[in-house]
Amino acid sequence: MRIDRINVYTANLPVKAGTYRMASVDVKSLDSTLLEIVADDGLTGWGETCPVGPVYQPHHALGARAAIAEIAPGLIGSEIASIRLLAKRMDERLNGQGYAKAAFDIAFLDLLGQRLGVPVSTLLGGALTNSVPAYYSLIVGSPDETARIAADKVKAGYPRLQVKISGRNVEEDVATVHKVWEAVGYEARIAVDANRGLTVASAIHLDRLCQAIPFIFEQPCNTMDEVATLRGRVTHPVYLDENTEDQNAVLRAISLGIADGFGLKVTRLGGLTKMTAVRDLCAIRSLPHSCDDAWGGDIIAAACVHIASTVEPRRFEGAWIAQEYIEGHFDAKNPVIITQGHIAVPQLPGLGVKPELGMFGKPIAPY
Ligand code: 0XW
Ligand code: MG
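For every chain, the first residue of the written sequence is number 1, and numbering continues from 1 onward in sequence order. Key to labels: chains lettered from A, ligands numbered from 1, both in the order written. It should be noted that, the model being predicted, local features are given only for residues of pLDDT at least 70 and side-chain atom pairs only at 80 or more, the latter also being counted only at that level, while totals for whole chains, interfaces and linings use all residues. Hydrogens and water are ignored here; the side-chain numbers use all heavy atoms of the structure.

Once that is clear, we can look at the overall build of the protein. Summing up its helical and strand segments, the protein has 11 helices and 17 strands in all. Computed over its C-alpha atoms, the radius of gyration of the protein comes to 20 Å, within 12% of the 21 Å expected for a compact globule of 367 residues. Expressed along its principal axes, the backbone C-alpha trace of the protein runs to roughly 60 × 40 × 35 Å. A 1.4 Å probe rolled over the protein chains alone gives each residue an accessible area, and that area as a share of the maximum for its type sets the label: buried under 20%, exposed over 50%, partly exposed in between. Within the protein, buried positions represent 57% of all 367 residues. Whether two residues are in contact is decided by their heavy atoms, any of which lying within 4.5 Å being enough. Of all intrachain contacts in the protein linking residues separated by at least 6 positions in sequence, the fraction that spans at least 24 positions is 71%. Element-wise, carbon and sulfur atoms account for 53% of the exposed surface of the protein, whose accessible area totals about 14,400 Å². Strands are runs of DSSP state E lasting at least two residues, helices are runs of H or I lasting at least four, and both sets are numbered from the N terminus onward. Only C-alpha atoms enter the radius of gyration, while the globule expectation follows 2.2 Å times N to the 0.38, with N the number of residues. For the accessible areas, the method is Shrake-Rupley and the probe is 1.4 Å, while residue cover comes only from the protein chains on display.

Now the structure itself:
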């Protein structure tokens, strides 16, 4: 099976409730890039990459498309059998830009899975479960409103909540954490995510003022070096998210002993294949982690759920998909959906999701 054509599409994904608010950026609409790889036997494989705007991390939609333009022409005619060989081809055309290469990796696995008649989870080592827990991400908001939504989401079945903080007075962040804890208690596990927004001093204050509340502290400060200085000075476990820029960054954080767990993102790590290595490193050190992406439609959601199903459940922190914030699905017949805080792992060969024919219009670039 060889690559015959590669079509690139864009999809505008408006945020359903209007705004998704994080420490340093508000986003209202996301620009997703989709890849359709057409094999010479007519089979199609899909990939996607969708940065949550250009500020969250050093990724942006136009950058992804420029990187795809460098890579795609060099893949035409390649055999789709060895994902490692295809990865090598991509590296020979372009240095870095894992978040763009991830879209190809997802599409290769989708094609290979369909060809072999197995779901992508099987190609990633094998699923341990048919359903994975999700977590709900509460955007930066007032303490009372955040606590109200937190209680609703726990009632809806979410076993874990992520409370976004920062970008305002630390007192309001402290009040929000307290209110959420009062509203949900031990009914849900809590992550407090500052999305790089706190100074070391503010992170230490918040930690002290919320000492009795059990939560994990996600990406409190901007850099890995700043986070490293929190060791021994905060009582809550610290997880890294945005700083896990590639496999090496995760390896470094583990070897320095500065992270108690991770928020892992499929495209940031360079794709599902690269993420399996990170998953296995975390297993060696008993480190918990999530399986997410920054944003994306059903293709990214399916990718997250497939890898999530291969993670040992006792260390699994949940999958985050953007479904709660997106109207409709790419594949109305086999959508990836959260039901009572959990997501069924697609069982069809490949990703198990096929965008409806023509739904993205004409390709912006056919190769
Ligand atoms: C909750 N997420 C997985 C989605 C947004 O992109 C932010 C991200 C995070 O944990 O930072
Ligand atoms: Mg995070």
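On to the environment of valine 227, then. Its place among the elements puts valine 227 in helix H8 (residues 224-228). C-alpha separation for the pair valine 227 and isoleucine 284, spaced 57 residues apart in sequence, amounts to 22 Å. The contact partners of valine 227, leaving out residues within four places of it in the chain, are Gln219, Pro220, Cys221, Val238, Leu240, Asn243 and Ile258.

DSSP bridges decide pairing: two strands pair if at least two such bridges lie between them. Spatially, S6-S16-S15 is the arrangement adopted by the three strands of the open sheet, whose pairing is antiparallel. Each edge of the open sheet carries a strand with a single partner, namely strand S6 (131-133) and strand S15 (338-339). With three bridges connecting them, S6 and strand S16 (residues 342-344) associate as antiparallel partners. Residue pairing in the sheet places valine 132 in a bridge with isoleucine 343 of S16.

With respect to spatial proximity, 17 residues lie near ligand 1, and among them Tyr56, Gln162, Asn195, Asp241 and Ala294 are the closest. Contact distances for ligand 1 include 3.2 Å between an oxygen atom and a side-chain N or O atom of glutamate 218. Here ligand 1 loses 100% of its free accessible area of 300 Å² to cover by the protein chains. If even one non-hydrogen atom of a residue comes within 4 Å of a molecule or strand, that residue is called near it. Any pair of N or O atoms that falls within 3.5 Å is considered a polar contact. Within protein, one atom must be able to donate a hydrogen and the other to accept it, and sequence-neighbouring residues count only if both atoms are side-chain atoms.

A word on the pattern of salt bridges. What makes a salt bridge here is a side-chain nitrogen of Lys or Arg within 4 Å of a carboxyl oxygen of Asp or Glu, nothing more. If you walk through the whole model with that rule in mind, you get 23 salt bridges. Its salt-bridge partner being arginine 115, residue aspartate 41 comes within 3.7 Å of it at the nearest N-O pair. One end of the pair, aspartate 41, is in the loop between strand S4 (29-39) and strand S5 (44-49); the other, arginine 115, is in helix H3 (residues 98-116), and 74 residues separate them in sequence. Judged by relative accessible area, arginine 115 falls into the partly exposed class, the value being 47%. One salt bridge in this structure joins lysine 265 and aspartate 292, with 3.8 Å as the shortest N-O distance. Of this pair, lysine 265 sits in strand S12 (residues 261-265) while aspartate 292 sits in strand S13 (residues 289-292), and the two are 27 residues apart along the sequence.

Take helix H11 (residues 298-308) next. Burial analysis of H11 places 11 of its 11 residues in the buried class, the great majority of the element. Within H11 the residues assigned to the buried category are Asp298, Ile299, Ile300, Ala301, Ala302, Ala303, Cys304, Val305, His306, Ile307 and Ala308.

Here we take up the side chain of aspartate 293. With respect to the helices and strands, aspartate 293 occurs in the loop between S13 and H11. His is not counted here, nor are the chain ends, while Lys and Arg score as positive and Asp and Glu score as negative. Nearest to the buried, unbridged aspartate 293 among oppositely charged side chains is lysine 265, at 6.7 Å. In terms of polar contacts, aspartate 293 uses its side chain to reach the side chain of threonine 267, at 2.7 Å. Setting aside chain neighbours within four positions, we find aspartate 293 in contact with Lys265, Val266, Thr267, Ile300, Cys304 and Trp320.

To continue, consider the coordination of the magnesium ion (ligand 2). Summarising the metal site, the magnesium ion (ligand 2) is bound by the protein donors Asp193 (OD), Glu218 (OE) and Asp241 (OD), whose distances to it range over 2.0 to 2.2 Å. Summarised as a motif, the one-chain spacing of the donors to the magnesium ion (ligand 2) is D-x24-E-x22-D. Of this pair, aspartate 193 sits in strand S9 (residues 189-193) while glutamate 218 is found in strand S10 (residues 216-218), placing the two residues 25 residues apart along the sequence. Under the relative-accessibility criterion, glutamate 218 is labelled buried at 2%. A donor here means an N, O or S atom no more than 2.8 Å from the metal, or no more than 3.2 Å when the metal is Na, K or Ca. Since water is not included, a site may seem to lack partners.

Take the packing of aromatic side chains next. The description of two aromatic rings rests on the distance between their centres and on the angle between their planes. Aromatic pairs are defined between Phe, Tyr and Trp rings, using the six-membered ring for Trp, whenever the two ring centres lie within 6.5 Å; interplanar angles under 30 degrees are classed as stacked, those over 60 as edge-to-face, and all others as tilted. According to the stated counting rule, one finds 15 aromatic pairs in the structure shown. Between phenylalanine 104 and phenylalanine 108, the aromatic rings sit 6.3 Å apart at their centres with planes inclined by 40°, giving tilted as the arrangement. Residue phenylalanine 104 and its partner phenylalanine 108 are both found in helix H3; the two are separated by four residues, about one turn of the helix. Each of the two residues, phenylalanine 104 as well as phenylalanine 108, counts as buried. Both rings, one in tryptophan 320 and one in tyrosine 325, keep their centres 6.3 Å apart while their planes meet at 35°; by these two values the pair is tilted.

With antiparallel pairing, four strands are arranged side by side in an open sheet as S5-S4-S1-S17. Bordering the open sheet on either side are S5 and strand S17 (365-366), each of which pairs with just one other strand. As paired strands, strand S1 (residues 3-14) and S4 are joined by 11 bridges and run antiparallel to one another. Residue pairing in the sheet places leucine 13 in a bridge with leucine 30 of S4. Packing against the sheet, helix H1 (residues 61-71) makes contact with S1, S4 and S5, and its axis sits at approximately 20° to S4. Axes here mean lines fitted to C-alpha atoms, for a helix over just the part in contact, with angles spanning 0 to 180 degrees between N-to-C directions.

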